[in-house]
Amino acid sequence: MTLPRFLVVIPARLASTRLPNKPLADIAGLPMVVRVAQQAQQSAAAAVWVATDHPDIVATCEAHQVPVRLTASHHPSGTDRLAEVVEQLHLADDEIIINVQGDEPLLPPALIDELATCLAAQPNCVMATLAHPILHAEEFFNPNVVKVVCSEQGQALYFSRAPIPWARDAFMHQPITTLPKAHPALRHIGIYAYRAGFLRQYQALSPSPLEQWEALEQLRVLAHGFAIAVKTITLPPPAGVDTPEDLARVRAFFATQHTQ
């Protein structure tokens, strides 16, 4: 299979409330942002860039030969930071850009390739993202787990923190501690592919009430009438690093790899 041309951009902010200086946290001798970039470089991406607002991250990337772009400090989201990189690199509107979070050192490179292929296959979509089946009621009813409902064409109809789709008849006759058989609930995974031309448009889109109520940025895209492709995968990727406990888990994984 011939993969489409695409680039990876990794937004990385130094500020983090739960884990200070997270992008520079040491993981088996390398800063986290370098680990993430090296993992992304194992994909079929034509180039991998880190996009940051802090000189310390720039210096760290340059010391490890990781391409990096210094961006403005006022961006409210990683998507806005990507849009600035699109302008800095003078990318064509049809270029595909994959946004890999700077705290995902274990993200499988094959998923990056699958996401790029998904967007390339749906030319009417401006974005693509991933999802996987929800198998447990605890996950389905957790508002911190974002759910997505899709059309028959594999495009997002809605994202929500609420338990959707609601199995009305099943939940009337069974405890909601279990999910009905073949229930089509999907958990959204926060990795995105964009067309560069849409990133140029994105900054001009006004936030939608749905986005503000749900605190889900991707709802702005749907509210303005744009289409988002969704690639469903079988299993979730390894979790990223949000807390000190997450960092300890990832460090333990790399320590095990290095001793084998």
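Residues numbered from 1 in each chain as written. Predicted model: local features only at pLDDT ≥ 70, side-chain atom pairs only at ≥ 80, totals over all residues. Heavy atoms only, no water.

Draft legend 1. Representation of the nonpolar core in the model. Counting residues in each nonpolar core, the largest one holds 47 residues, and the members touching the most others are Val8, Ile10, Val50, Ile98, Val100, Ile112 and Ile191. For isoleucine 10, the residues in contact, after removing those within four places along its chain, are Val36, Ala37, Ala40, Val48, Trp49, Val50, Ala51, Val100, Gln101 and Gly102. Counting residues in hydrophobic clusters, the runner-up holds 32 residues, among them Leu7, Ile97, Tyr192 and Leu216. (Core = buried A, V, L, I, M, F, W, Y, C linked by side-chain atoms within 4.5 Å. Buried < 20%, exposed > 50% of the residue type's maximum accessible area, 1.4 Å probe, protein only. Contact = heavy atoms within 4.5 Å.)

Draft legend 2. Representation of the pairing of strand E9 (residues 156-160) in the model. Note that strand E8 (residues 147-150) and E9 share four bridges and pair antiparallel. Following the sheet pairing, valine 149 is matched in E9 by tyrosine 158. Turn length for the E8-E9 hairpin, with the two strands adjacent in sequence and antiparallel, is five residues, and the turn residue glycine 154 shows positive phi of about 75°. (Pairing = 2+ DSSP bridges. Helix = DSSP H or I, 4+ residues; strand = E, 2+ residues; numbered from the N terminus.)

Draft legend 3. Here's a closer look at the pairing of strand E6 (residues 96-99). The alternating pattern of E6 places Ile96 and Ile98 on one face and Ile97 and Asn99 on the opposite face, and all of these are buried. Across four bridges, strand E1 (residues 6-12) lies against E6 in parallel orientation. Among the inter-strand pairings, valine 8 is bridged to a residue of E6, identified as isoleucine 98. The pairing of E6 with strand E10 (residues 186-195) spans four bridges and is classified as antiparallel. When the sheet's bridge partners are listed, asparagine 99 is paired in E10 with tyrosine 192.

Draft legend 4. Geometry of the pattern of salt bridges. Taken as a whole and assessed by the stated rule, the structure comprises 10 salt bridges. The shortest N-O distance in the salt bridge between lysine 231 and glutamate 114 comes to 3.9 Å. You can see lysine 231 sitting in strand E11 (residues 228-232) and its partner glutamate 114 sitting in helix H4 (residues 109-120), a full 117 residues away along the chain. Take lysine 231: its relative accessible area is 30%, and that puts it in the partly exposed class. Two residues, aspartate 246 and arginine 249, come together in a salt bridge whose shortest N-O distance is 3.6 Å. One end of the pair, aspartate 246, and the other, arginine 249, are both in helix H10 (residues 244-259), three residues apart, so they sit about a helical turn from each other. Judged by its relative accessible area of 18%, aspartate 246 falls in the buried class. (Salt bridge = Lys/Arg side-chain N within 4 Å of Asp/Glu carboxyl O.)

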